[in-house]
Amino acid sequence: MGPFRVKQPLPSREVREASPFILLHHAGPHIIDPAHPMERLGPHPHRGFEPVTFLFHGQARHRDSMGNHGILNAGDVQWMTAGSGVLHSEGPTDEFLARGGTLELIQLWVNLPAKHKMTTPKYQDIASSKIPVHTVTGNGQPLNLHVVAGTYDGVTGPAETFSPVLAMTSTFDAGVDVELDLPHATSLIYILHGGVILNDDHAINERYMVVLDEDPAPFRLRTTSPGSMIILSGAPLNEPIAMHGPFVMNTEEEVRAAYRDFAGGKMGTLEE
Ligand code: MN
């Protein structure tokens, strides 16, 4: 994906779709050496969905054709609604490239319901200080959940979404032993680092994603080593998907229209 080497658990041969989630990329951890600066992902368009970036390590910047400009630090989230179309560029800040260090992020694509695909683009820059931390206690170490979107146990995250979505990140210690209950029919857990055991018999290693059964019952989550994960739960959209490159629409004709509109400059312009 541009200059990034990424792990892509969604879509994959095993999991083609998990509506409303379309794509999950885990970039890094990538060690940036000031002597060998990496490039940014230059201006490119999106339409019809929401690209969301969860920054776990490092510092990244964002610019788009709506005139938005933002810097993300570790723990921050950028929730962008591409809607009818936007161009953006993304990558490490100049300062971070000069200083060097570890860059690690998750990029998630959340589909938009058909009736909102052509909504006006918008951009939510969410600082980690605005993301509530909910602590789940159990028999062992507690589990801290950073609630980015949706509501868990009465704690609501700041991101506005167009369909019911719960998105939480967690950095955990070994020895967590808790019960979790996710609200929607599609539920995913991706482990960036560390080891997790679900319901006593399903071990998940790092860089693996688990898709829970539809409408899962409460389940037991234990951790065997320190690490981090992202937990997603969403209501399926049950609409056709036509996905090509940076566009996610409902029909092939809508994808062709997106390419025409991009080529015709209708998604704005952005200088590198
Ligand atoms: Mn992008």
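Here's what I pulled together on the structure shown here. (Residues numbered from 1 in each chain as written. Predicted model: local features only at pLDDT ≥ 70, side-chain atom pairs only at ≥ 80, totals over all residues. Heavy atoms only, no water.)

Focus on the sheet that holds strand β6 (residues 69-73)
Okay, so step 1: The four strands lie next to each other as β3-β8-β5-β6, forming an open sheet whose pairing is antiparallel. Whereas interior strands pair on both sides, the edge strands pair on one side only; in this sheet they are β3 (41-46) and β6. On average, each strand axis in the sheet is inclined to that of its neighbour by 25 degrees, with strand direction left out of account.
Okay, so step 2: In this sheet, strand β8 (residues 86-92) lies alongside β3 in antiparallel orientation, the contact comprising four bridges. (Pairing = 2+ DSSP bridges. Helix = DSSP H or I, 4+ residues; strand = E, 2+ residues; numbered from the N terminus. Axes fitted to C-alpha atoms, helices over the stretch in contact; angles between N-to-C directions.)

Side note on the coordination of the manganese ion
Okay, so step 1: For the manganese ion, the full set of protein donor atoms is H44 (NE2), H46 (NE2), H88 (NE2) and E90 (OE), and the range of their distances to it is 2.2 to 2.5 Å.
Okay, so step 2: Counting the intervening residues between successive donors of the manganese ion yields the motif H-x1-H-x41-H-x1-E. Taken together, the residues span a long stretch of sequence, with H44 in strand β3 and H88 in strand β8 at a distance of 44 residues. Each member of the pair H44 and H88 is classed as buried. (Donors = N, O, S within 2.8 Å, 3.2 Å for Na, K, Ca; no water. Buried < 20%, exposed > 50% of the residue type's maximum accessible area, 1.4 Å probe, protein only.)

Comments concerning the sheet that holds strand β7 (residues 77-81)
What links the strands of a sheet is backbone hydrogen bonding, and the strands pair in either a parallel or an antiparallel sense.
Okay, so step 1: Strands sit in the order β1-β2-β9-β4-β7-β10 across an open sheet of six strands; the sheet is antiparallel. Only two strands of the sheet have a single partner each, and these edge strands are β1 (6-10) and β10 (122-126). Taking the axes of each pair of neighbouring strands and ignoring which way they run, one obtains an average angle of 15 degrees across the sheet.
Okay, so step 2: Bridging between strand β4 (residues 49-57) and strand β9 (residues 101-111) involves eight bridges; their strand directions are antiparallel. Bridge pairing links P51 to W109 in β9.

Focus on the nonpolar core
Okay, so step 1: Among the nonpolar cores identified, the biggest contains 26 residues, and F54 and W79 are the most heavily contacted of them.
Okay, so step 2: For this core, the secondary structure elements donating two or more residues are β2 (21-32), β4, β7, β9, β12 (143-149), β15 (165-172), β17 (186-198) and β20 (219-234).
Okay, so step 3: Built from parts of two domains, this core gets at least three residues from each of domain 1 (20-128) and domain 2 (131-234). (Core = buried A, V, L, I, M, F, W, Y, C linked by side-chain atoms within 4.5 Å. Domains from an automatic or database assignment.)

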